[in-house]
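The primary structure of each chain is shown beneath.
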Amino acid sequence: MDETHEKIKEFLSRFFKNHDLQPDEDIFALGFVNSLLAMQLVAFVEKEFGVSVGDEDLDLDNFRTINAIAKLVEKKRGAAA
Amino acid sequence: LNLELTAEQRAARAEFRAFVASEIAPHADRWDREEAIPAALVDELRRRRLLGSNVPEEYGGLGRDMITYGLLTEEIAKGCSSVRSLLTVHDMVAHAIHRWGSREQRERWLPLLARGEVLGALGLSEPNAGSDAKSVETVARDDGDAWVLDGRKKWTTFGQIAGLYLVLAQQDGKLTAFLVERDSPGVTVQPLKGVWGTRASMLAEIVMDGCRLPKGNLIGRPGFGLSAVVSTALEHGRYSVAWGSVGIAQACLEASQAYARERRQYGVPIADHQLVRRLLTDMIAGVRAARLLCLRAGWMRETGDPLAGGEVMIAKYFASTLATKSANDAVQIHGANGITDGYPVGRYLRDSRVTEIIEGSTQIQQINIPLFELQEF
């Protein structure tokens, strides 16, 4: 895992304390993920990686796994460059 | 976390305080009785750039930071909670558009909202959907080149004079948010009279009967109307109400201190009686604590902390319940005078009750705050 993946995993680990979250594991399938966590994820991505998540990114698939979030970050960084 | 205000923030607060003392507080009881604020006051709020002041400069706003915005809200609420509620709902709409609006929506609406040329209001509650926002019955139908909305929004704060409503609807079973202009075909606005808290907040029912909207008026994405768009608006509103509640509690404290020094019983000012001091102590300590929670939440929002939402809930919960207790105690300190129109504490009590109902009731906060604290899956 690269640094982006590690940071995402570290952030999510505070919510999934007793679980070693895998890069392709569906966090929504793991249990109840409320809308508060969803918005926290958006805020985390923006603050941690300095990207802007917009209405076009509102798709649960962008936040479903560590890999998906990392891919979104990569895409947003590419768009900003 | 730095809790010291900057020189700019202190200067801004002094300016807000002077404006409220001269232009708002002396008239608030009358506006309360008249169940309306005057158009001239709205003009003055516009002129002073107090509406939509968080909107970034690139969209014509002042780009006020969250702490300065909080100070503004506290000072306005100290004078009149109805005026505070105008700032709250207007800024909620601006905030949601800035956060989730398309580029076209941001470019079109934010400059108008930042200058207060259009007033925003939130169309969420309905006759059968309050706390349970998922159950809204307003329906949006895809009609080719337009969205068609049918439904009824109740308790729309400043709905009587707003020009743009952020409306939550069911679209094909998905909760979706729309920007509804007041003059859209099929929209009628019916003033709601007879409320007894924040009486001058010009509530209205917004009826949409075959209301046709351009396709571009959907904001966010279908299915994200509540979880993203309206939640973002509500978080901002909750933050605003938290500070507004501090304003009510501070007003209660100041009124009670003045009264307790002046009113004499048993040969001494009632401030010399220990049980009165106890009530004052609860207010003093409570206001300090609530303001600190608001500052913490504001700092976290300003720095984009992912955990800010929960802190806003805590601030709102604490400050709104404090406002009610402080207002109740302020009435008690004022004795019989407290239940007359001659003193503002009765209004503070009625207005404080509203802060415990709007933007997530006290009970909703009591359900959600532990969830926030124990977010483990």
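As the structure is a computational prediction, the values presented were derived from the model and not from experiment. (Residues numbered from 1 in each chain as written. Chains lettered and ligands numbered in written order. Predicted model: local features only at pLDDT ≥ 70, side-chain atom pairs only at ≥ 80, totals over all residues. Heavy atoms only, no water.)

Chemist: Sorry, what's going on with unusual backbone geometry here?
Modeler: Leaving glycine out, the prevailing phi sign among residues is negative, and the prevailing peptide bond configuration is trans. Residues and elements named next belong to chain B. Residue phenylalanine 158 is not a glycine yet carries a positive backbone phi of 60 degrees. Along the chain, phenylalanine 158 turns up in the loop between strand S3 (146–156) and strand S4 (164–171). On the accessibility criterion, phenylalanine 158 (1% relative accessible area) is buried. Of note, tyrosine 266 is a non-glycine position whose phi angle comes to about 55 degrees, a positive value. Relative to the helices and strands, tyrosine 266 resides in the loop between strand S9 (264–265) and strand S10 (268–269). A relative accessible area of 79% places tyrosine 266 in the exposed class. (Helix = DSSP H or I, 4+ residues; strand = E, 2+ residues; numbered from the N terminus. Buried < 20%, exposed > 50% of the residue type's maximum accessible area, 1.4 Å probe, protein only.)

Chemist: Looking at this model, I keep getting lost on the layout of surface pockets. Mind explaining?
Modeler: The method is simple in principle: a probe with the dimensions of a water molecule rolls over the atoms, and the space it marks as empty is what remains. Residues and elements named next belong to chain B. Estimates place the volume of the second largest pocket at around 220 Å³. Lining the second largest pocket are 13 residues, and of these Ala25, Lys78, Gly79, Glu254 and Tyr348 lie nearest its centre. Breaking the lining of the second largest pocket down by element, the ones donating at least two residues are helix H1 (7–24), helix H4 (66–79), helix H7 (225–262) and helix H10 (345–355). Grouping the constituent residues of the lining of the second largest pocket by class yields seven nonpolar, one polar and five charged. (1 Å grid on protein atoms, 1.4 Å probe; cavity = no way out; pocket = protein on both sides within 12 Å on 5 of 7 lines; lining within 4 Å. Points joined across faces, edges and corners; volume = space filled by probe spheres on them. Nonpolar A, V, L, I, M, F, W, Y, C, P; charged D, E, K, R; others polar.)

Chemist: Sorry, what's going on with the packing of aromatic side chains here?
Modeler: The geometry of two aromatic rings is summed up by the distance between their centres and the angle between their planes. Scanning all chains against the criterion turns up six aromatic pairs over all chains. Between phenylalanine 44 of chain A and phenylalanine 49 of chain A the ring centres are 5.7 Å apart and the planes differ by 80 degrees, which places this aromatic pair in the edge-to-face class. For the pair phenylalanine 44 of chain A and phenylalanine 49 of chain A, one class covers both residues: buried. Site record: aromatic cluster; members linked through ring pairs are Phe11, Phe15, Phe44 and Phe49 of chain A. The residue whose ring lies beneath arginine 99 of chain B is tryptophan 100 of chain B, and the NZ or CZ to ring-centre distance is 4.1 Å. Above the ring of tryptophan 147 of chain B, the side-chain terminus of lysine 215 of chain B is found at 5.0 Å from the ring centroid. (Phe/Tyr/Trp six-rings, centres within 6.5 Å; stacked < 30°, edge-to-face > 60°. Lys NZ or Arg CZ within 6 Å of the ring centre and 35° of its normal.)

Chemist: When you look at the pattern of salt bridges in this model, what are you seeing that I'm missing?
Modeler: Counting across every chain of the model gives 34 salt bridges over all chains. Across the salt bridge formed by glutamate 75 of chain B and arginine 17 of chain B, the nearest N and O atoms sit 2.9 Å from each other. Here the residue glutamate 75 of chain B occupies a position in helix H4, and arginine 17 of chain B occupies one in helix H1, the gap between them amounting to 58 residues. The class for glutamate 75 of chain B is buried, based on a relative accessible area of 2%. By relative accessible area, which is 39% here, arginine 17 of chain B ends up partly exposed. The network of salt bridges with shared partners includes Glu56, Asp57, Lys75 and Lys76 of chain A. (Salt bridge = Lys/Arg side-chain N within 4 Å of Asp/Glu carboxyl O.)

Chemist: Where do I start with the packing of helix H5 (residues 81–100) of chain B against H7 of chain B in this structure?
Modeler: Two numbers describe a pair of packed helices, the interaxial angle and the distance between the axes. All names here are of chain B. Interaxial distance between H5 and H7 falls to 8 Å at its minimum, and their mutual angle equals 150 degrees. In this view, H5 runs roughly antiparallel relative to H7, as classed from their interaxial angle. Here the hand of the crossing between H5 and H7 comes out right-handed. Residues Ser81, Arg84, Thr88, Asp91, Met92, His95, Ala96, Arg99 and Trp100 of H5 pack against Ala228, Val229, Thr232, Ala233, Leu234, His236, Gly237, Ser240, Val241, Gly244 and Ile248 of H7. (Axes fitted to C-alpha atoms, helices over the stretch in contact; angles between N-to-C directions. Parallel < 35°, antiparallel > 145°, perpendicular 65-115°, else oblique. Left-handed = near helix turned anticlockwise from the far one by under 90°. Contact = heavy atoms within 4.5 Å.)

Chemist: What should I look at first to understand the interface of chain B and chain A in this one?
Modeler: For an interface, size is often stated in terms of accessible area lost upon the parts coming together. With 19 residues of chain B in contact, the opposing surface of chain A contributes 25 residues. Between chain B and chain A, roughly 2,100 Å² of surface is buried when both sides are summed, and carbon and sulfur atoms account for 61% of that area. Across the contact surface, chain B and chain A share two salt bridges. Across the pair aspartate 55 of chain A and arginine 221 of chain B runs a salt bridge, and its minimum N-O distance is 3.5 Å. (Buried area = accessible area lost by both parts, 1.4 Å probe.)

Chemist: Can you walk me through the environment of glycine 194 of chain B in this structure?
Modeler: Residues and elements named next belong to chain B. Secondary-structure assignment places glycine 194 in the loop between strand S6 (187–191) and strand S7 (204–214). Here glycine 194 falls in the exposed class, since its relative accessible area comes to 61%. Spatially, the C-alpha atoms of glycine 194 and glutamate 35 are 8.3 Å apart, while their sequence positions differ by 159 residues.

Chemist: Looking at this structure, how should I read the pairing of strand S2 (residues 139–142) of chain B?
Modeler: Both faces of the sheet carry side chains from a regular strand, because those side chains alternate between them. Residue and element names in this part refer to chain B. Note that S2 and S3 share four bridges and pair antiparallel. The residue of S3 that forms the bridge with valine 139 is aspartate 150. Connecting S2 to the antiparallel partner S3 that follows it, the hairpin turn spans three residues, and glycine 144 within it adopts a positive phi of roughly 75 degrees. In this sheet, S4 lies alongside S2 in parallel orientation, the contact comprising two bridges. For valine 139, the partnering residue across the bridge sits in S4 and is glutamine 170. (Pairing = 2+ DSSP bridges.)

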